[in-house]
Amino acid sequence: CSETHCDSVSKASIIELGQSELIMVEHVGEDLDYCGEDAEFKLGVVNSGKTDVFNTRLYELLPAGVTYVATTSATHTGGYGGLSGMPDVILETENPTSGERQKITWDFRNVLPTNSDGDPAMAKGSSSNVTFTLDVDNCDTVPNFNTSHQAEASAGFDRPCEFSVG
């Protein structure tokens, strides 16, 4: 600054990200026959927020006596394109007071299309769905199976500020 007096100036700004939101828009299924045929079910979510969401997961907690058979399809529409494969399926067993229940997780983090930063993401307005089959596992060991029990569906995701690569 030679002979002139120079002041240091520092400025800060706050960048506020829009709200992230994933809404369950579909949770439907055929009637489960007490003993016998598989029944088809479908879960669907839409990113209704203002930003991408990352590490999308869909969950289904089954009533006691009902078991997961297979995932028949998984789709992603809108945003950055389609899925690069089938989501990982993780099966867990929970044991609440109502009896042993199976929890299914569909993990989309490795199959979502990539955004302009190269990160797998669900763009705002895009949707993901899974179609799967269920069965009453063993009618001889589930004598009190009640067809009025409900499955519970939910979804999870990471917001941009929670997401990290790797």
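Residues numbered from 1 in each chain as written. Predicted model: local features only at pLDDT ≥ 70, side-chain atom pairs only at ≥ 80, totals over all residues. Heavy atoms only, no water.

(A) A look at the pairing of strand 3 (residues 54–61). Summarising burial for strand 3: eight of the eight residues are buried, a large majority. Bridge analysis of strand 3 against strand 8 (residues 152–158) gives six bridges, and the strand direction is antiparallel. The residue of strand 8 that forms the bridge with phenylalanine 54 is aspartate 158. Relative to strand 6 (residues 101–107), strand 3 runs antiparallel, the two being bridged by five bridges. Considered in strand 6, the bridge of leucine 58 is made with tryptophan 106. (Buried < 20%, exposed > 50% of the residue type's maximum accessible area, 1.4 Å probe, protein only. Helix = DSSP H or I, 4+ residues; strand = E, 2+ residues; numbered from the N terminus. Pairing = 2+ DSSP bridges.)

(B) Structural context of the sheet that holds strand 5 (residues 88–94). Reading across from one edge, 5-6-3-8 is the order of the four strands in this open sheet, with antiparallel pairing throughout. In this open sheet, the two strands that pair with only one neighbour each are strand 5 and strand 8. Recorded for the sheet is a direction-independent mean angle of 20° between the axes of neighbouring strands. (Axes fitted to C-alpha atoms, helices over the stretch in contact; angles between N-to-C directions.)

(C) Seen up close, the environment of aspartate 135. Secondary-structure assignment places aspartate 135 in strand 7 (residues 127–136). Distance in space between the C-alpha atoms of aspartate 135 and aspartate 38 is 4.9 Å, their sequence separation being 97 residues.

(D) Local environment of the pattern of salt bridges. For the structure on display, the rule yields three salt bridges. Residue glutamate 26 pairs with lysine 42 through a salt bridge whose shortest N-O separation is 3.8 Å. On the criterion of sequence distance, the pair formed by glutamate 26 in strand 1 (residues 22–29) and lysine 42 in strand 2 (residues 39–47) is long-range, its members being 16 residues apart. On the accessibility criterion, glutamate 26 (25% relative accessible area) is partly exposed. By relative accessible area, lysine 42 is classed as partly exposed at 29%. (Salt bridge = Lys/Arg side-chain N within 4 Å of Asp/Glu carboxyl O.)

(E) Highlighting the packing of aromatic side chains. Per the stated rule, a full pass over the model turns up three aromatic pairs. Measuring from centroid to centroid gives 6.0 Å for phenylalanine 41 and phenylalanine 132, while their planes differ by 25°, and the two rings are stacked. Of this pair, phenylalanine 41 sits in strand 2 while phenylalanine 132 sits in strand 7, placing them 91 residues apart in sequence. With a relative accessible area of 13%, phenylalanine 41 lands in the buried category. Taking the relative accessible area as the measure of exposure, phenylalanine 132 reaches 1% and is therefore buried. On the numbers, 6.4 Å between centres and 70° between planes, the contact of tyrosine 68 with tryptophan 106 is edge-to-face. Here the residue tyrosine 68 occupies a position in strand 4 (residues 66–77), and tryptophan 106 occupies one in strand 6, the gap between them amounting to 38 residues. Comparing tyrosine 68 with tryptophan 106, the two get one shared label, buried. Put simply, the rings of Phe41, Tyr68, Trp106 and Phe132 touch in pairs and so form one group of aromatic residues. Its guanidinium or amino end placed over the ring of tyrosine 59, lysine 103 lies 4.7 Å from that ring's centre, counting from NZ or CZ. (Phe/Tyr/Trp six-rings, centres within 6.5 Å; stacked < 30°, edge-to-face > 60°. Lys NZ or Arg CZ within 6 Å of the ring centre and 35° of its normal.)

(F) Summary view of the pairing of strand 2. Summarising the sheet, strand 1 and strand 2 pair through seven bridges and their orientation is antiparallel. Counterpart to methionine 24 in the pairing with strand 2 is valine 45. One ladder, built from eight bridges, connects strand 2 with strand 7; its direction is antiparallel. Across the sheet, valine 46 pairs through a bridge with serine 127, a residue of strand 7.

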